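Residue-level structural notes
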Amino acid sequence: MKVLVVGSGAREHAIVWKLATSPDLLDVYCAPGNGGTAVLAQNLAMGSATEAECDLLAGWAFNNNIDLVIIGPEVPLRHGMADSLMMLGVPVMGPTQAAARIEWSKAWARDFMKRHGIPSPTYEVVEGLETALAKLRSPDTKYPLVLKADNLAAGKGAAVVNDANEAEDAITRMQEMGALPTEASAVKVVLEEFLRGFEVSALAFTDGSRVAMMPPTCDYSRLFDGDQGPLTGGIGSYTPTSHVTPELWAQVERDILDKAVEAMASEGVPFKGVLYAGLMLTDEGPKALEFNCRFGDPEAQVILPRLQTPLEEIGLAIADGDLSRVGKIQWSDEAAVGVVMASGSYPFGKAPPVPVTGLGDVEEGVLVFHAGTEAKGMLSLQGAIPPPARQRSIIGSLFSREPAFSMPEDMRLEGEIVANGGRILTVVGRGPTLAAARDAAYRNVPRINIPGAQYRTDIALREL
């Protein structure tokens, strides 16, 4: 079986890793991949940032008889890559462009939730820069509020603001970072009620009608300890959480995920793939802060290690529109804590490339998922080893001192991993309890040396 994973982040590395643990020998490709996926899969020098690139990649999947495509990020879904694959007859795990609108247009998603009675904060959609500024300066506007860019913004399009000055600064910053257009008339923002409570990520597999909930996870958006600093794309996560009971999770499934999937189908845009609801658990019950059309990052890094049902079987069932054929999806009882190591300039600037060392010193069983990395030398060639040579033992040894396979002496060239992005690695500790998983993660983060890197020291601490 040949599987293509689209994307280059730690989420995609986690997906590739999960596929590589399959009892069936899979031939896995990743486009474009990173330094971590290069060890497990064949990286392809093909992007998916534009519609043209997505069409080329879909054509490659068709021409190379790919049996399943799993689309990781939201951008290729926004460009309709799933639609192109469906037209070519290539099974895909990911929603159509129309269904993915639930993420790529915050305004549409808010209107959608309101139409179908999905619990969510009150909001107002404002178009045009001058109109937005006038609204933010109005004495009738209540602060704090949440300001969101309408379009996809790679984690840079949301801000919690306490007054009009902060709101104006946030809009300017979003324009500078590309989250909002610089043309005044094209600015479109959503002003949302600020909710107080506990945030939880609710992810589910769905085939367009059936919903299979994943275990609850919690992520951290603020850069610094104590939930201080700027918002990021996600700087850490853990699962499970003591704040969610089975009864509450059943309520979330019934009132939010099930209702959303049914509503999408009723509007003629059935959603097939992974539907992700960012929730706030309030005194009035759970409310949906937003919907995403794919696995979360860094949620995927802690939730996929708990998945026991083969991911490729789930993906094929979703593509065929019959999730029931895989039966009840199985999850382990273990806990997982993920700590993101980011560059010192994240999330505002790009840091120069630096070497990553110490990966061989990480304890066995602790997972390291790459994001902003590139493999150099012999490491960049490991993905090209023919599938029969990639024994299952490689999985356990990826994160230990011993190599998974041997090479002739004359082929043992120097290899290294270079950090070249904002979020560089996610270190995932696992254990029977959150405390044990957290200890494992934080014992191993210092063993990895990335000059100038930063990370939070309080991931999952609130649970303990």
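Since the model is a prediction, treat every value here as computed from it, not as a measurement.

Topic: the overall build of the protein
Check the secondary structure of the protein and you find 14 helices and 21 strands. Computed over C-alpha atoms, the radius of gyration of the protein comes to 21 Å, within 12% of the 23 Å expected from 2.2 N^0.38 for 464 residues, which places it in the range of a compact globule. Burial status across the protein gives 56% buried among its 464 residues. Of the contacts formed within the protein by residues at least 6 apart in sequence, a portion of 73% connects residues at least 24 apart.

With respect to the packing of aromatic side chains
According to the stated counting rule, one finds six aromatic pairs in the structure shown. Look at tryptophan 108 and phenylalanine 112: their rings are 5.2 Å apart centre to centre, the planes differ by 15 degrees, and that puts the pair in the stacked class. Of this pair, tryptophan 108 and phenylalanine 112 both sit in helix α7 (residues 106-115), four residues apart, roughly one helical turn. Like phenylalanine 112, tryptophan 108 is buried. Among the aromatic residues, those joined into a cluster by ring pairs are Phe205, Phe295 and Trp331. One Lys or Arg, arginine 78, reaches over the ring of tryptophan 104 and ends 3.7 Å from the middle of that ring.

Quick look at the environment of leucine 289
With respect to the secondary-structure elements, leucine 289 resides in strand β15 (residues 285-292). Remark: the alpha-carbon pair of leucine 289 and arginine 447, spanning 158 residues in sequence, is separated by 36 Å. With sequence-adjacent residues up to four places away left out, leucine 289 is seen in contact with Arg110, Lys148, Glu192, Leu195, Glu199, Gly278, Leu279 and Met280.

Comments concerning the sheet that holds strand β21 (residues 423-431)
A sheet is described by the order of its strands in space; here five strands give the open sequence β12-β13-β16-β21-β18, paired in antiparallel fashion. Each edge of the sheet is formed by a strand with only one pairing partner; in this case those strands are β12 (218-224) and β18 (367-370). Strand-to-strand, the axes of this sheet are offset by a mean angle of 25 degrees, without reference to chain direction. Pairing of β18 with β21 involves four bridges; the strand directions are antiparallel. By the bridge assignment, phenylalanine 369 is partnered in β21 with threonine 426.

Considering the sheet that holds strand β3 (residues 42-43)
One key point about sheets: their strands pair by backbone hydrogen bonds, in either a parallel or an antiparallel sense. Taken in spatial order, the five strands make up an open sheet running β3-β2-β1-β4-β5, and their pairing is parallel. Looking at strand neighbours, the two that pair on one side only are β3 and β5 (92-93), the edges of this open sheet. Looking at chain direction, strand β1 (residues 2-7) and strand β2 (residues 27-32) are connected through six bridges and run parallel. When the sheet's bridge partners are listed, valine 6 is paired in β2 with alanine 31. Sheet contacts for helix α1 (residues 10-20): β1, β2 and β4 (68-71); angle to β1, the most-contacted strand, approximately 165 degrees. On the sheet, helix α5 (residues 81-88) packs against β1, β4 and β5 and is oriented at approximately 170 degrees with respect to β4.

Some remarks on the pattern of salt bridges
It is possible for side chains of opposite charge to pair when their charged atoms get near one another. As enumerated under the stated definition, the model contains 20 salt bridges in all. Residue lysine 148 pairs with glutamate 290 through a salt bridge whose shortest N-O separation is 4.0 Å. Separated by 142 residues along the polypeptide, lysine 148 in strand β7 (residues 145-149) and glutamate 290 in strand β15 bring together distant segments of the chain. What makes glutamate 290 partly exposed here is its relative accessible area of 24%. Of the charged contacts in the structure, one is a salt bridge between aspartate 297 and arginine 423, with a shortest N-O distance of 3.7 Å. Here the residue aspartate 297 occupies a position in the loop between β15 and α11 (299-303), and arginine 423 occupies one in strand β21, the gap between them amounting to 126 residues. One salt-bridge network, held together by shared partners, links Arg110, Lys148, Glu192 and Glu290.

A word on empty space enclosed by the protein
Tallied over the entire structure, the rule returns three cavities of 30 Å³ or more. Of the pockets and cavities examined, the second largest cavity occupies roughly 60 Å³. Every residue lining the second largest cavity is listed: Ile70, Ile71, Gly72, Leu77, Met93, Gly94, Pro95, Gly273, Val274, Cys293, Arg294 and Phe295. When contributions to the lining of the second largest cavity are tallied by element, the ones reaching two or more residues are β4 and β14 (273-282). Considered class by class, the residues forming the lining of the second largest cavity number eight nonpolar, three polar and one charged.

Re α5
Because each turn of an α-helix spans 3.6 residues, side chains separated by three or four positions in sequence point in the same direction. Residues Met81, Ala82, Ser84 and Leu85 constitute the buried set of α5. The buried residues of α5 occupy an angular sector of 160 degrees when projected down its axis, which confines them to one face. Buried residues along α5 sit in contact with β1, α3 (51-63), β4, α4 (74-78) and β5. Positive backbone phi, approximately 80 degrees, marks glycine 89, located one or two places after α5.

Remarks on the confidence of the model for the protein
The predicted model of the protein averages 90 in pLDDT, with 91% of residues at 70 or higher. In this model, residues 382-414 is a region of pLDDT below 50 whose contacts with residues beyond four sequence positions or in other chains number 58 contacts.

Quick look at helix α10 (residues 246-266)
Over its 21 residues, α10 runs 28 Å from end to end, which matches the ideal 30 Å to within 8%, given 1.5 Å per residue. Along α10, the largest kink reaches about 35 degrees and is centred on glutamate 253. For α10, the set of buried residues is Leu248, Trp249, Val252, Ile256, Leu257, Ala260, Val261, Ala263 and Met264. Looking at the buried side of α10, the elements it contacts are α6 (101-104), α7, β10 (198-206), β11 (211-213), β14 and β15. Backbone geometry just after α10 places glycine 268 at a positive phi near 85 degrees.

Cut-offs used in this document
Residues numbered from 1 in each chain as written. Predicted model: local features only at pLDDT ≥ 70, side-chain atom pairs only at ≥ 80, totals over all residues. Heavy atoms only, no water. Helix = DSSP H or I, 4+ residues; strand = E, 2+ residues; numbered from the N terminus. Rg over C-alpha atoms; globule rule 2.2 N^0.38 Å. Buried < 20%, exposed > 50% of the residue type's maximum accessible area, 1.4 Å probe, protein only. Contact = heavy atoms within 4.5 Å. Phe/Tyr/Trp six-rings, centres within 6.5 Å; stacked < 30°, edge-to-face > 60°. Lys NZ or Arg CZ within 6 Å of the ring centre and 35° of its normal. Pairing = 2+ DSSP bridges. Axes fitted to C-alpha atoms, helices over the stretch in contact; angles between N-to-C directions. Salt bridge = Lys/Arg side-chain N within 4 Å of Asp/Glu carboxyl O. 1 Å grid on protein atoms, 1.4 Å probe; cavity = no way out; pocket = protein on both sides within 12 Å on 5 of 7 lines; lining within 4 Å. Points joined across faces, edges and corners; volume = space filled by probe spheres on them. Nonpolar A, V, L, I, M, F, W, Y, C, P; charged D, E, K, R; others polar. Arc of directions from axis to C-beta. pLDDT = per-residue confidence, 0-100. Expected span 1.5 Å × (residues − 1). Bend = angle between axes of the 7 residues up to and from the residue.

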